Amino acid sequence: MKRILALCMAMIFAFAGMAWAADDTVRIGVFLPLTGQNAFGGQLELEGVQLAHKEAGTVLGKKVELFVVDNKSDKVEAANATKRLIEKEKVQAIIGTYGSSLAMAGGENSEKAGIPQVGTSCTNPLVTQGKKYIFRVCFIDPLQGAGAATYAYKTLGLKKAAMLVDVASDYAVGLSSFFKKSFTKMGGQVVATLNYQSGDQDFTAQLTKIIAEKPDVLFIPSYFAEGAIIMKQARELGATFKIMGGDAMDNPEITKIGGKAVEGFVQTTFPYHPEMKEMNATAKKFTEEWKKAYPSKEPNVNAALGYDAYMIIIDAIKRANSADPAAITKALAETKGFPGVTGSTTINETHDAVKPVGLLEIKDGKNTYVGEIAPEL
Amino acid sequence: MNVETFIQHSLNSLTLGSLYALIAIGYTMVYGILRLINFAHSEIFMIGAYFVFWGVTLTVLPWPLVIVLSILLTAGVGIMVDRVAYRPLRDAPRISALISSIGVSFFLQNVCVVFFQAIPRAVYRPDWMEQPLLVGNVRILPITLFVPVLSVLLMLGLMYIVYRTKTGLGMRAISKDIETSYLMGVPVNRIIAITFGIGSALAAASGIMWALRYPQLQPVMGAIPGFKAFIAAVFGGIGSIQGAVVGGVTLGFIEIMTVAFFPDLAGYRDAFAFILLIGVLLFKPTGLFGERAEDKV
């Protein structure tokens, strides 16, 4: 008797739950790394998304509900996260994620289920290549690698490069190969390429070998977790060469962790910085809103991308006049000149955003926006 | 590779190996006495480093005092873990305590994520530690010399305790035969608590020195070094303190020298540690210094 009663109660709750998943809300899922290696980037992007959600909480007269799942900087968890968002929370669009490997892992489920996924800062081309439902608001790595190579070779005149690559990260492997391609095409020489694994803390063996090859610049397409220690260890071993990196190195703590070792470090990034000289209207608004909401934290480009990802979905829903996943997908693919914080966003045929490549340099202990570079492809 | 580069690599290997050795001692002592592999040990290592971070950022106490307090606090945490998670399972099948230790490991890691957040944190290093010493073309950070020397001192201290004191006698008795030790009036629970305390203190010392050598803190920082130290302990013969030390230093050398001589294999660096583990288990499961456990009738 008790069992039948329990079964009835369970069924009542299940049906009630399903009734509440009605059509009067728009459900957007978010999967980001909130713990683990990439927690920092994920946290910032989430805050950008939440800021945008605060500003644009309704669309087409319906309230927007955000469902946030932590992908723990782990590929398996990323796949679980999107599965959960699609099957349990029944979202109509997904935002995510920081980390190309994670975006690819999670994207498998979104693609299969036909739910549009908008990536924030995942730059490896494979994330959207050949996919119908995956998009992103950032540029892709061939552009970034070429930008870094152009700046190193043409602007700074550095002819010999070495690379230290994280073999466990699709982002690092991809970006390093694009850098190498562009750099050698311009006439530069890559004298050494050494590997490590995400999570490693000791790079002395690899760095000692690199220093022996006497490069002019060391390119480290790594995540900030390893980047600061690599630079510190390189300087401790007596390296005087320039060190450059990619967008995943962005982290305000870098000067605290790296100290003097990170002085002069240059990285490519997305074209937003709170102190950039020419800010578009959306960027100005975003910076103001951020300072109001988080007065103790500097606005950061990852947050800007999170904000853009959310806003672009809302814009697509408005244009499609529907919150149906297929309609959102079609509208996203047709996005032209959307005014984002990170610049005017047009989604091209491979579902990527075409944006200029920005440069950040650490001068006198501060991360300064140096300008933009036109990559020579 | 010239002589100077080789010396550079050797010093790095010695430092890394000493750090592994200190952690491995904790694993081996607990196994020797309780036949328990304490998976939470890698988190104790991490907590030791974090206590220093907390102490430095939240208090105005002088840095050396913060270090001493952290080591003592971490020893306390280790003793508490035994009291709460292992002592109640003393009479249960061995696997229960093992599973409990895995649970404690996850618990401690996630508690730290909650308290300290997952962002990598900077480690305070006094200025004199930041200046490398130059000997010819070899650049040595003071910490690279400091670690092996301090580790040797700690190990000598430990050997003194284990072989020259009554507590140490008790530890050796318990590792030989716990039942008889109870019968002979050895204060078993107290000695086990002291063992955990010492093992945890050594892990904390290692964690603090690790954080000084690789100045970045993350709640997951203990997982891989802890696991490698465990491999070192198995390699040296789990249950033997000398084995843990030799195993730790050897593993440090293997790790760094493989990358030094075969830089193309640098991405597989961790794999070598695991290959060593498999090799040891296949060919000499008792390790270098381990004793064959023979059942005497």
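Numbers given for residues are sequential positions, taken from 1 along each chain in its written order. The lettering of chains begins at A and the numbering of ligands begins at 1, in the order of writing. Under the rules for a predicted model, residues below a pLDDT of 70 receive no local features and side-chain atom pairs below 80 are neither given nor counted, while totals for whole chains, interfaces and linings still include all residues. Hydrogen atoms and water are omitted, and side-chain values are computed over all heavy atoms in the structure.

## A look at a nonpolar patch on the surface
Each patch groups residues whose relative accessible area exceeds 30% and which form no salt bridge, using 9 Å between like charges and 5 Å between nonpolar side chains of Val, Leu, Ile, Met, Phe, Trp and Tyr. The protein chains shown are the only cover counted for residues, whose accessible areas, like all others here, come from Shrake-Rupley with a 1.4 Å probe. Within this document, salt bridges are pairs made up of a side-chain nitrogen of Lys or Arg and a carboxyl oxygen of Asp or Glu, the two lying within 4 Å of each other. A cluster of nonpolar side chains, namely F6, F261, F262, L265 and Y268 of chain B, defines an oily patch on the protein surface of about 520 Å² accessible area. The numbering of helices and of strands both runs from the N terminus, where a helix is a DSSP run of H or I of at least 4 residues and a strand a run of E of at least 2. Structurally, the position occupied by F262 of chain B is in the loop between helix 11 (241-261) and helix 12 (269-283).

## Notes on the sheet that holds strand 1 (residues 25-32) of chain A
All names here are of chain A. The 6 strands lie next to each other as 2-3-1-4-5-6, forming an open sheet whose pairing is mixed. In this open sheet, the two strands that pair with only one neighbour each are strand 2 (58-59) and strand 6 (134-136). Bridging between strand 1 and strand 3 (residues 62-70) involves 8 bridges; their strand directions are parallel. Each bridged residue has a counterpart across the sheet, and for V30 the counterpart in strand 3 is V68. Relative to the sheet, helix 2 (residues 39-55) contacts strand 1, strand 3 and strand 4 (93-95), its axis offset from that of strand 1 by approximately 165°. Packing of helix 4 (residues 100-113) onto the sheet brings it into contact with strand 1, strand 4, strand 5 (117-119) and strand 6, and relative to strand 5 it is tilted by some 165°. DSSP bridges decide pairing: two strands pair if at least two such bridges lie between them. Should any heavy atoms of two residues lie within 4.5 Å, those residues are counted as being in contact. Helix axes use the C-alpha atoms of the stretch in contact, all axes being lines fitted to C-alpha atoms, and the angles between their N-to-C directions lie in the range 0 to 180 degrees.

## Notes on the packing of helix 7 (residues 204-212) of chain A against helix 11 of chain B
Contact pair helix 7 of chain A / helix 11 of chain B: the axes reach a minimum separation of 8 Å and the direction vectors enclose 25°. With respect to each other, helix 7 of chain A and helix 11 of chain B are oriented roughly parallel. As helix 7 of chain A runs across helix 11 of chain B, the sense of the crossing is right-handed. Together, T204, A205 and Q206 of chain A of helix 7 of chain A and I256, V259 and A260 of chain B of helix 11 of chain B make up the contact between the two elements. Amino acid classes used here: Ala, Val, Leu, Ile, Met, Phe, Trp, Tyr, Cys and Pro are nonpolar; Asp, Glu, Lys and Arg are charged; the rest, including Gly, are polar. Of the residues that constitute the contact of helix 7 of chain A with helix 11 of chain B, the class distribution is 4 nonpolar, 2 polar and no charged. Comment on the angle field: the value is read as roughly parallel under 35 degrees, roughly antiparallel over 145, roughly perpendicular from 65 to 115, and oblique elsewhere. Should the near helix be turned anticlockwise from the far one by less than a right angle, the crossing is left-handed, and should it be turned clockwise, the crossing is right-handed.

## Let's talk about the nonpolar core
Within the largest apolar cluster, 82 residues are counted, with the highest numbers of intra-cluster contacts made by I25, L158, W210 and L217 of chain B. Aside from chain neighbours lying at most four places away, what touches L217 of chain B is A49, Y50, F53, I119, P120, R121, V123 and A211 of chain B. The criterion is simple. A nonpolar core is a set of buried Ala, Val, Leu, Ile, Met, Phe, Trp, Tyr and Cys residues joined through side-chain atoms within 4.5 Å. Relative accessible area decides the class of each residue, using a 1.4 Å probe on protein chains only: under 20% of the type maximum gives buried, over 50% gives exposed, and in between gives partly exposed. Counting 79 residues, the second-largest nonpolar core is a separate cluster that includes I28, M276, W290 and Y307 of chain A.

## Here's the deal with the pattern of salt bridges
A full pass over the atoms with the stated rule returns 20 salt bridges over all chains. Where E55 of chain A meets K285 of chain A, a salt bridge forms, and the shortest distance between an N and an O atom there is 2.8 Å. Remark: K285 of chain A occurs in helix 10 (residues 281-293) and E55 of chain A occurs in helix 2; sequence separation between them is 230 residues. Relative accessible area serves as the criterion here: at 42%, K285 of chain A is assigned to the partly exposed category. With a shortest N-O distance of 3.2 Å, E255 of chain B and K228 of chain B are connected by a salt bridge. Here K228 of chain B lies in helix 10 (residues 223-236) and E255 of chain B lies in helix 11, a separation of 27 residues in the sequence. Both residues of the pair, E255 of chain B and K228 of chain B, count as buried. By sharing partners, the salt bridges in this structure join D202 of chain A together with K228, E255, R269 and D270 of chain B into a single network.

## Considering the confidence of the model for chain B
Residue and element names in this part refer to chain B. For chain B, per-residue confidence averages 88 on the pLDDT scale, and residues scoring 70 or more make up 97% of the total. The quantity called pLDDT is the predictor's confidence in a given residue, expressed from 0 to 100. Of all helices and strands in chain B, the one with the weakest mean pLDDT is helix 5 (residues 127-130) (78), whereas helix 3 (residues 63-86) scores best (94). On the interface metric, ipTM, the complex scores 0.74, and its pTM is 0.79.

## Describing the interface of chain B and chain A
Each partner contributes to the interface: chain B provides 32 residues, whereas chain A provides 31 residues. Between chain B and chain A, the buried area comes to about 2,700 Å², and carbon and sulfur atoms account for 56% of it. The interface formed by chain B and chain A includes 3 salt bridges. Of the charged contacts, one joins R213 of chain B and E236 of chain A as a salt bridge, the two residues approaching to 3.9 Å between their closest N and O atoms. By buried area we mean the combined loss of accessible area, with a 1.4 Å probe, across both parts when two parts are placed together.

## Some details on the pairing of strand 11 (residues 266-269) of chain A
Residues and elements named next belong to chain A. Neither face of strand 11 is left uncovered, since the one carrying V266 and T268 and the one carrying Q267 and T269 both have all their residues buried. Relative to strand 14 (residues 357-363), strand 11 runs antiparallel, the two being bridged by 4 bridges. Pairing of T269 across the sheet is with G358, part of strand 14.

## Focus on helix 9 (residues 188-213) of chain B
Here the expected length of a helix is defined as 1.5 Å per residue gap, with one fewer gap than residues. When the terminal C-alpha atoms of helix 9 of chain B are compared, their 37 Å separation across 26 residues agrees well with the 38 Å that a helix rising 1.5 Å per residue should span. For helix 9 of chain B, a buried count of 23 out of 26 residues is recorded, marking the element as mostly surrounded by other parts of the structure.

## Some points on helix 7 (residues 166-176) of chain B
Residue and element names in this part refer to chain B. Regarding helix 7, the residues found buried are G168, G170, M171 and I174. When helix 7 is viewed along its axis, its buried side chains cluster within an angular range of 155° and face the same direction. In helix 7, the exposed residues that point more than 90 degrees away from the buried face are K166 and K176. Packed against the buried residues of helix 7 are helix 1 (3-34), helix 6 (142-164), helix 8 (178-183) and helix 9. This arc is built from the directions going out from the helix axis to the C-beta atoms.

## As for the sheet that holds strand 7 (residues 160-166) of chain A
All names here are of chain A. Taken together, 7 strands build an open sheet; the order of strands is 8-7-9-10-11-14-15 and the sheet is mixed. Of all the strands in the sheet, just strand 8 (189-196) and strand 15 (366-373) have a single pairing partner and so form its edges. Adjacent strand axes in the sheet meet at a mean angle of 25°, parallel and antiparallel pairs treated alike. The sheet contact formed by strand 9 (residues 217-220) and strand 10 (residues 242-245) spans 4 bridges and is parallel. Along strand 10, the bridge assignment pairs V217 with K242.

## Structural notes on unusual backbone geometry
Residues and elements named next belong to chain A. Cis geometry marks the peptide bond from G96 to T97, where omega comes out at 0°. With respect to the helices, strands and loops of the structure, T97 is situated in the loop between strand 4 and helix 4. For D364, which is not glycine, the phi dihedral falls at a positive 50°. Tracing the sequence through the fold places D364 in the loop between strand 14 and strand 15. The exposed category is assigned to D364, whose relative accessible area is 73%.

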